[in-house]
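Each chain, written out:
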Amino acid sequence: MIVMGARPQFIKSAPVIHEFLRRHKVDLQLIHSGQHYDYELSQVFFEEMRLPPPLLDLKVGSGSHAIQTGKAMVRIERCIQRTKPDLALVPGDTNTTLAAALSAAKLGTPIGHIEAGARSYDMTMPEEINRRLTDHVSSMLFAPTRTTVHNLYAEGIPRKRVHLVGDTMVDALLTALPAASKLRKKALSGLDVHEGEYIVVTAHRPGNVDIPRRLNAIVGALVEASKRIKILFPAHPRIYKRLKSSNLMGKLRRSKNVVVTRPIGYLELVALLDTAAAVLTDSGGIQKEAFLLGVPCATMRRETEWPETVEAGANVMVDADKRKISAAILRAIEKPRPRRKPIYARNPFGDGRASIRIVDTILRAQ
Ligand code: UD1
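Note that the structure is a prediction, hence the values are computed from the model and not measured.

**Q** What is the right way to look at the packing of helix H12 (residues 266-274) against helix H13 (residues 284-293) in this model?
**A** Think of two packed helices as two axes; the pair is described by the angle between the axes and how far apart they sit. In contact at an axis separation of 10 Å, H12 and H13 are set at 50° when each is read in the N-to-C sense. As summarised for this structure, H12 and H13 are arranged oblique, according to the angle between their axes. Regarding H12 and H13, the two cross each other, and that crossing is right-handed. Across from Tyr-266, Leu-269, Val-270, Leu-273 and Asp-274 in H12, the residues of H13 making contact are Ile-286, Glu-289, Ala-290 and Leu-293. Its residues assigned to classes, the contact of H12 with H13 shows 7 nonpolar, no polar and 2 charged.

So, in structure tokens, the structure goes:
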């Protein structure tokens, strides 16, 4: 059983799902928790990544952390009791990940965690709580990088449970690139921008979006940067709502170089990211994607769970600090991008075969 429910989980799971389907050996059950339910945050990924429809949509929806996690736990528990899977596979660090892991653990169902061992060491992030707890009840921990392996060892997780497999986001990105490149021209001309002459911005973390002082600083920096470069801002519903209910959406829309849109699909995101001058984000996944595509990244957080990207000089932490954000954007505009993309070189996130290793490891253990 694979349990997923939020945008990044569809991306992380897709290569593993396809690998299982290729083997024809496994009765695979896909469960959608329903944590994300808008077309742009859910269905579009099933279409673009050609995923089979989930067996069940648990329709958990939005709510406080306890409500979302609790509802998901109750409904996932019922699924597990009904179908008795040999393994519950859970990707990432969302409330759906934690709910599935807890429900499975209490029923004695073995758990495999995709993207195990990532740590930001910032316990104010709900995702940090989710991934730590999930790792500690999992029996197969699929670690994407050497750093994540060491993080798990340092927490006393038995070594035989930890498997260094690489990051399934590399697998997904390599698969997406040809189709993304094909749609780039149309996407850019629709937005009236040219390759290399824009930056991509995404922000959705409660720690930025729900705190007016931080949201103000981010919007202030964007307005400032838009005097120098075009800004493409596909807005997650969380930030869209906050911008709309304050005067900040008006402020952004008055700067004619800022384009705020609804969330975009994975292929369009990869297409736009690949030829961006830089990306400004608070997402975990986009930090890795930018690194792999050789796009300079500024991350609007204090800590990152992907220190590999910072050590490689590809990512800088700018917090929600107007001055630091502006300086990072300026540096990216003025400094030409590296010619060779890390995705084609050796990189800490693996070679694009993580999903093969995950499926091999699981089948060997059955
Ligand atoms: C979740 C994950 C985060 C992941 C992110 C990717 C947790 C704790 N967080 O955060 O790890 O990086 O997804 O997007 O699990 N909403 C909609 N439509 C939707 C989904 C949500 O309008 O389809 C609204 C909700 O009403 C809510 C807000 O967006 O107000 C946040 O949704 P939620 O699922 O709580 O968390 P995310 O911020 O999306």
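**Q** How should I be thinking about the pairing of strand E10 (residues 258-261) in this particular structure?
**A** Along any regular strand, the residues point their side chains to alternate faces of the sheet. Alternating positions in E10 separate cleanly, Val-258 and Val-260 being buried on one face and Val-259 and Thr-261 remaining unburied on the opposite face. Examined bridge by bridge, strand E9 (residues 230-234) and E10 share 4 bridges and lie parallel to one another. Along E10, the bridge assignment pairs Pro-234 with Thr-261.

**Q** For this particular structure, what's the right way to read unusual backbone geometry?
**A** Working note: non-glycine residues mostly have negative phi, and peptide bonds are mostly trans. In the Ramachandran plot, Lys-59 falls in the positive-phi region, its phi being about 50° despite a non-glycine side chain. Position of Lys-59 among the secondary structure elements: in the loop between strand E3 (56-57) and helix H3 (65-83). With phi around 60°, Asp-192 is a residue other than glycine that occupies positive phi space. As for its position among the elements, Asp-192 is in the loop between helix H7 (168-191) and strand E8 (198-202).

**Q** Explanation requested: the site of the ligand in the structure shown.
**A** Around the ligand there are 20 residues in total, and His-36, Asp-38, Asn-95, Glu-127 and His-236 lie nearest to it. The separation between an oxygen atom of the ligand and a polar side-chain atom of Ser-62 is 3.0 Å. Here Arg-238 contributes a side-chain N or O atom positioned 3.0 Å from an oxygen atom of the ligand. Protein contact buries 89% of the 750 Å² of open area that the ligand shows by itself. Of all the secondary structure elements, the ones that give two or more residues to the shell around the ligand are helix H1 (7-23), H3, helix H5 (126-137) and helix H10 (237-245). It is H10 that contributes the most residues to the shell around the ligand, 3 residues altogether. In terms of residue class, the shell around the ligand is built from 4 nonpolar, 10 polar and 6 charged. Both of domain 1 (2-167 + 350-365) and domain 2 (177-334) provide at least three residues apiece to the shell around the ligand.

How each quantity is defined
- Residues numbered from 1 in each chain as written.
- Predicted model: local features only at pLDDT ≥ 70, side-chain atom pairs only at ≥ 80, totals over all residues.
- Heavy atoms only, no water.
- Axes fitted to C-alpha atoms, helices over the stretch in contact; angles between N-to-C directions.
- Helix = DSSP H or I, 4+ residues; strand = E, 2+ residues; numbered from the N terminus.
- Parallel < 35°, antiparallel > 145°, perpendicular 65-115°, else oblique.
- Left-handed = near helix turned anticlockwise from the far one by under 90°.
- Contact = heavy atoms within 4.5 Å.
- Nonpolar A, V, L, I, M, F, W, Y, C, P; charged D, E, K, R; others polar.
- Buried < 20%, exposed > 50% of the residue type's maximum accessible area, 1.4 Å probe, protein only.
- Pairing = 2+ DSSP bridges.
- Near = heavy atom within 4 Å.
- Polar contact = N/O pair within 3.5 Å; in protein donor to acceptor, adjacent residues only side chain to side chain.
- Areas by Shrake-Rupley, 256 points an atom, 1.4 Å probe, with all protein chains shown as cover.
- Domains from an automatic or database assignment.

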